[in-house]
Amino acid sequence: MVLFDAILLIGIGFIGLLFWQGRRQAELARVHAQRYCKQHELQFLDIAWQGGRIARRGRHIGWLSHYEFAFSSDRESRYEGDVEMLNLRLVTIQTPAYRLPE
């Protein structure tokens with residue numbers, strides 16, 4: 001019974017660690033998207049997690065998450081860009097062509 005309790009406690013701790021790491025990754029993705037919008041004079045609207053998987057990029061192995069963020073360039077149109085994060089590292093930010101304000 002003691003071994004089962006120890007394994008259960010380790011499992012609960014691991015799940016908590018994964019949740020905490022996921023929240024940190026989501027917060028960093030938001031920061032990167034907001035910074036991108038500020039640099040390009042866009043209005044940041046929102047961000048949402050689209051999915052994740054275990055991946056390898058170069059020599060780094062970890063959890064690759066895909067986020068979709070919304071922005072506006074002229075306060076009338078809504079565009080959606082993509083943010084990819086590998087663990088706590090930014091991989092790419094991609095945006096579609098958008099209309100510049102006049």
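Quick notes on the rules
- Residues numbered from 1 in each chain as written.
- Predicted model: local features only at pLDDT ≥ 70, side-chain atom pairs only at ≥ 80, totals over all residues.
- Heavy atoms only, no water.
- pLDDT = per-residue confidence, 0-100.
- Helix = DSSP H or I, 4+ residues; strand = E, 2+ residues; numbered from the N terminus.
- Expected span 1.5 Å × (residues − 1).
- Buried < 20%, exposed > 50% of the residue type's maximum accessible area, 1.4 Å probe, protein only.
- Contact = heavy atoms within 4.5 Å.
- Pairing = 2+ DSSP bridges.
- Axes fitted to C-alpha atoms, helices over the stretch in contact; angles between N-to-C directions.

Student: Can you tell me about the confidence of the model for the protein, naming the residues and giving the values?
Tutor: Overall, the predicted model of the protein reaches an average pLDDT of 91, with 100% of residues at or above 70. Within the protein, no element has a lower average pLDDT than helix α1 (residues 2-39), which sits at 92, and none a higher one than strand β3 (residues 79-86), at 96.

Student: Any details on α1? Residues and values, ideally.
Tutor: Since one α-helical turn is 3.6 residues long, residues separated by three or four positions face the same way. Between its first and last C-alpha atoms α1 spans 55 Å; for 38 residues at 1.5 Å apiece the expected length is 56 Å, and the two agree. Within the sequence span of α1, burial applies to Q25, A26, A29, H32, A33, Y36 and C37. The secondary structure elements touched by the buried residues of α1 are β1 (43-57), β2 (60-72), β3 and β4 (89-94). The first or second residue beyond α1 is E41, which carries a positive phi of 55 degrees.

Student: Please set out the pairing of β3 residue by residue, giving values where relevant.
Tutor: Bridge count for β2 against β3 is eight bridges, and the pairing is antiparallel. Its bridge partner lying in β3, S65 is registered against M85. Between β2 and β3, which pair antiparallel and follow one another directly, the connecting turn spans six residues, one of which, R75, has a positive phi of 65 degrees. In this sheet, β4 lies alongside β3 in antiparallel orientation, the contact comprising five bridges. Bridging from a neighbouring strand, M85 pairs with L90 of β4. Remark: two residues form the turn of the hairpin made by β3 and β4, two consecutive strands paired antiparallel; N87 in that turn has positive phi of roughly 55 degrees.

Student: Requested: an account of the sheet that holds β2, with residues and values cited.
Tutor: With antiparallel pairing, four strands are arranged side by side in an open sheet as β1-β2-β3-β4. With one partner strand each, in any of the chains shown, β1 and β4 form the two edges of the open sheet. For this sheet the average axis-to-axis angle between neighbouring strands, irrespective of direction, equals 20 degrees. As paired elements, β1 and β2 share 13 bridges and run antiparallel to each other. Bridge pairing in β2 places Q43 opposite S72. Along the sheet, α1 contacts β1, β2, β3 and β4; its crossing angle with β2, the most-contacted strand, is approximately 45 degrees.

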